[in-house]
Amino acid sequence: MAKVPRRKFLAYTGVGIAVAVIAGAAGFYYLTQPTKLELDAWQWGAEYEAVNNALQAIVNSWNTAHPESIVKYTVFPELSETEFALKVKQSAVGGKPPILYYMVNTTILTELAAEGYVEEPPSDMLNLVKSAIDPAFHYMLNMFSPEGSIKPYAAGVTIGLSACALYYNKKLFQEVGLDPNKPPQTWDQLRDAAKALVKKDSSGKIIRVGVSVRKGGNPGGIGEKFVPYAIGNGAKILWKEGNKWYTDINQKPVIEAAQFLHDLIHVDKVDVPDHSSWGYDPWLNEQCAISGPLGVGFITNTKFSKPEMLQYLGVTNVPSPGGIKDAASFGDLNCLAVCSKATKEQKDRAWQFLKFFNQADNIKKVSNDIWNWTPYKDSINNPPFSTETAWKELNKVLSSVGRPHIVNEFGPGWNNLTAMLGSNLARAFANEITVKEALDKTYNDWTNFMQSNKFYTG
Amino acid sequence: MTVKYSRVAWLFILPSLLIFSIFHFFPLALLIYVSFCKWDMISFPTFIGLQNYKLILSDDLFLKSLPITLVFVFTSVFVSILLALGVAVLTEKPGSKLASLCRFLVFVPYVIPDAASAGVWNLLFFPHPSSPINQLITAFGLSWQSWLGDKNLALPTIILYYVWKNVGFNTLVYVAGLKAIPKVFYDAANVDGAGRIPVFRHITLPLLKPITLFILVTSFISGWQTFTEVYILTRGGPGTATLTLPIYIYFSAFGTGQLGVASVAAIFLFSVILMLTLIQIKYIKGE
């Protein structure tokens, strides 16, 4: 055996001892640290960057103050509502569910609540939230419980109101001789206004849409944006009687609403048959005069994308045949809730985080500071919501509509119903099938699908 | 000695076989089973026999997706093969920097991620006169088009995108094929005084047959499975104008939650691809 020179031997031994000491110290430090509780928050949708940034800032300040229970959230921007709900359920079955939900869409939360995946807030949490949120919007916290009663489940709101209003261009109204302070409130008024506002080129092609109808993109979104028109015409969409769930999705009020929108495209020709007229950009670029139903983010987006357009932004109710007294809006809100499948320790920490979130300073960060409407009292009674014209018009619409925000009445199967409805309506709006065929197919597909849903006994 | 060798051979391929079984055979078996079931992906599937198969045969969306997919696949495959061959032949000048540059430019779209390039095409072909492509064509006195928003133009636009994206790879394969043709054939043809077109027809094309068949097989498989670009560009719209079979499968499974029906459609797609591939391979072997 070769002899190792003494110096080398001592050097190797010294290095070895040093490494062992350092490793031991690191291990000791690591093992003696208090166990970190990670509160996984899953976010569906990746809208409203300013809101996401504000939420992240709140999370960061919580994590700094509470390193033993950090919140970290994962965004799922491209999953459909059905996929996300499925992911949550699968992870719960697999034993590793998210602890917190941040939903950019309550329709998923409605389904999860009805199927027992959402924890009802403890009474102190609920009292805190209810005292902070304007009483006019308390119903928005409600969802169906697994027992079939309506209970509050949302414990924090980051943005509210989805398809709640139509947004029109006051300058264009004036240009075509319409009164910008008298926006359309009935179907006939909407049709007439859109006919005056639509602009075509020399070959007859539309280059500015009078009113935009949602007919493409995510099928669930198509269904959701159609709902206020249908409810404004007297439809109920989805309800429970006794143990049975019912839908009137292929009945007269819904057919008439869908036919009205179909005719706007193909008879009155005030909208293009494709999906290009929908959303914020066509309105901002004056390629669309009346847009919606869309959420409160429309005003926020205008402010930050093209602030010069804000002065022309008008807000009105989603028209109904009977005018504003029958008009509906869709009160889908982006909110925070806790997963019922988490451990007690995780849930307790999650509630503490939500109490932290609901403090006035934090609500200001996620609301007033970034022009983001939330239903909190401190939020809506302060600038800009109490001072800016567009927000004041929105408040007027919300307080005037006859059938406000009945999203909490929609129970299990709502996600699938809107997806099927949207998918079939898109075909009807493309003139591939009739409106009646589309709605009959929706009814058949949904009732067939719901046969295997344990909450459906119809 | 032979038995020992076989055992050792099996041992070496066992890990790959295991991974292949887990990620290919098992999902395929599950897919076939689910096609006979109703499943919410949470609880255990409920066996319902041939109900899903009956449902899909009466589903007009599925029946509509078939001709759309056929048109998409056959048009895009044949156009991209013809273009690739043309570009390969025209740029087959050894040492020419211009030829190399042309091949490089044709190949670049292939390496751009699908999501990014489809997103850009969405902006280029936005159905409004202000979109870049419409501004270009109106500058030449033509009238602007709705492109991805027009039910008659949406599918051709997607085909155009697919050809643009994939012609580069096919060109590269053809260039390699052309380089592999022995020069002696061309020399002999030169001596006999054959012109360029007869040389191309009687020497180049026949000798490129194996390459062409390889490209055909791979392009067909890829074409039938195309999902990302259609999803990003049109999501199967406007209406159902671009509803290809993979898009139908996706929306059946994750849009409306009909896993069983989606599985039947997936099995159908698998069968079509398998059948086409076997026919083509048999033809290659025959040749």
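Read on for an overview of the structure. (Residues numbered from 1 in each chain as written. Chains lettered and ligands numbered in written order. Predicted model: local features only at pLDDT ≥ 70, side-chain atom pairs only at ≥ 80, totals over all residues. Heavy atoms only, no water.)

A few words now on the sheet that holds strand E3 (residues 100–103) of chain A. Residue and element names in this part refer to chain A. The strand order across the open sheet formed by five strands is E2-E1-E3-E14-E6, and the pairing between neighbours is mixed. Every interior strand has two partners, whereas the edge strands, strand E2 (69–76) and strand E6 (156–159), have only one. For this sheet the average axis-to-axis angle between neighbouring strands, irrespective of direction, equals 20°. With eight bridges connecting them, strand E1 (residues 37–44) and E2 associate as parallel partners. In the strand pairing of E2, glutamate 38 is matched with isoleucine 70. (Pairing = 2+ DSSP bridges. Helix = DSSP H or I, 4+ residues; strand = E, 2+ residues; numbered from the N terminus. Axes fitted to C-alpha atoms, helices over the stretch in contact; angles between N-to-C directions.)

What follows covers unusual backbone geometry. Backbone torsion omega between A:Gly292 and A:Pro293 reads 5°, so that peptide bond is classified as cis. Considering the arrangement of structural elements, one finds A:Pro293 in strand E12 (residues 288–294). The step from B:Gly237 to B:Pro238 runs through a cis peptide bond, and the omega angle for that step is -5°. With phi around 60°, A:Glu286 is a residue other than glycine that occupies positive phi space. By the secondary structure assignment, A:Glu286 is in the loop between helix H10 (280–284) and E12. What makes A:Glu286 partly exposed here is its relative accessible area of 24%. Residue A:Asn431 is not a glycine yet carries a positive backbone phi of 65°. Looking at the element boundaries, A:Asn431 is found in the loop between helix H16 (414–429) and helix H17 (435–450). (Buried < 20%, exposed > 50% of the residue type's maximum accessible area, 1.4 Å probe, protein only.)

Following the criterion strictly, the structure yields 37 aromatic pairs over all chains and no others. Residues A:Tyr280 and A:Phe298 carry aromatic rings whose centres are separated by 5.4 Å and whose planes lie at 70° to one another, so their mutual orientation is edge-to-face. Of this pair, A:Tyr280 sits in helix H10 while A:Phe298 is found in helix H11 (residues 297–305), placing the two residues 18 residues apart along the sequence. Grouping aromatic residues by their ring pairs yields a cluster made of B:Trp121, B:Phe125, B:Trp147, B:Tyr161 and B:Trp164. The ring centre of B:Trp144 lies 5.1 Å from the NZ or CZ of A:Lys205, which sits over that ring. (Phe/Tyr/Trp six-rings, centres within 6.5 Å; stacked < 30°, edge-to-face > 60°. Lys NZ or Arg CZ within 6 Å of the ring centre and 35° of its normal.)

What follows is about the layout of surface pockets. Leftover empty space is mapped by rolling, across the atoms, a probe with the size of a water molecule. All names here are of chain B. Estimated volume of the second largest pocket: approximately 830 Å³. Forming the walls of the second largest pocket are 22 residues, and the residues nearest its centre are Val89, Glu92, Tyr186, Arg196 and Val199. When residues of the lining of the second largest pocket are traced back to their parent elements, those giving at least two are helix H3 (60–90), helix H7 (154–180), helix H8 (183–191) and helix H9 (196–207). A per-element tally of the lining of the second largest pocket places H3 first, with five residues. (1 Å grid on protein atoms, 1.4 Å probe; cavity = no way out; pocket = protein on both sides within 12 Å on 5 of 7 lines; lining within 4 Å. Points joined across faces, edges and corners; volume = space filled by probe spheres on them.)

For the rest of this paragraph, the subject is the packing of helix H5 (residues 114–124) of chain B against H7(B). Residue and element names in this part refer to chain B. Close contact between H5 and H7 brings their axes to 12 Å; oriented N to C, the two are set at 135°. As far as their axial angle goes, H7 and H5 are oblique. Regarding H5 and H7, the two cross each other, and that crossing is right-handed. Between H5 and H7, the contacting residues are Asp114, Ser117, Ala118 and Trp121 on the first element and Thr157, Leu160, Tyr161, Trp164 and Lys165 on the second. Residue composition of the contact of H5 with H7, by class: five nonpolar, two polar and two charged. (Parallel < 35°, antiparallel > 145°, perpendicular 65-115°, else oblique. Left-handed = near helix turned anticlockwise from the far one by under 90°. Contact = heavy atoms within 4.5 Å. Nonpolar A, V, L, I, M, F, W, Y, C, P; charged D, E, K, R; others polar.)

This part takes up the nonpolar core. The biggest cluster of nonpolar side chains holds 86 residues, and the ones touching the most others in it are A:Tyr101, A:Tyr167, A:Ile299, A:Trp373 and A:Leu394. Split by domain, the residues of this core number at least three in each of domain 1 (39–163 + 331–392) and domain 2 (165–330 + 408–456) of chain A. What A:Ile299 contacts, discounting residues up to four positions off in sequence, is A:Tyr167, A:Leu310, A:Leu313, A:Val315, A:Trp371, A:Ala390, A:Trp391 and A:Leu394. Among the nonpolar cores identified, the runner-up in size contains 61 residues, and B:Ile56, B:Ile137, B:Ile215 and B:Tyr248 belong to it. (Core = buried A, V, L, I, M, F, W, Y, C linked by side-chain atoms within 4.5 Å. Domains from an automatic or database assignment.)

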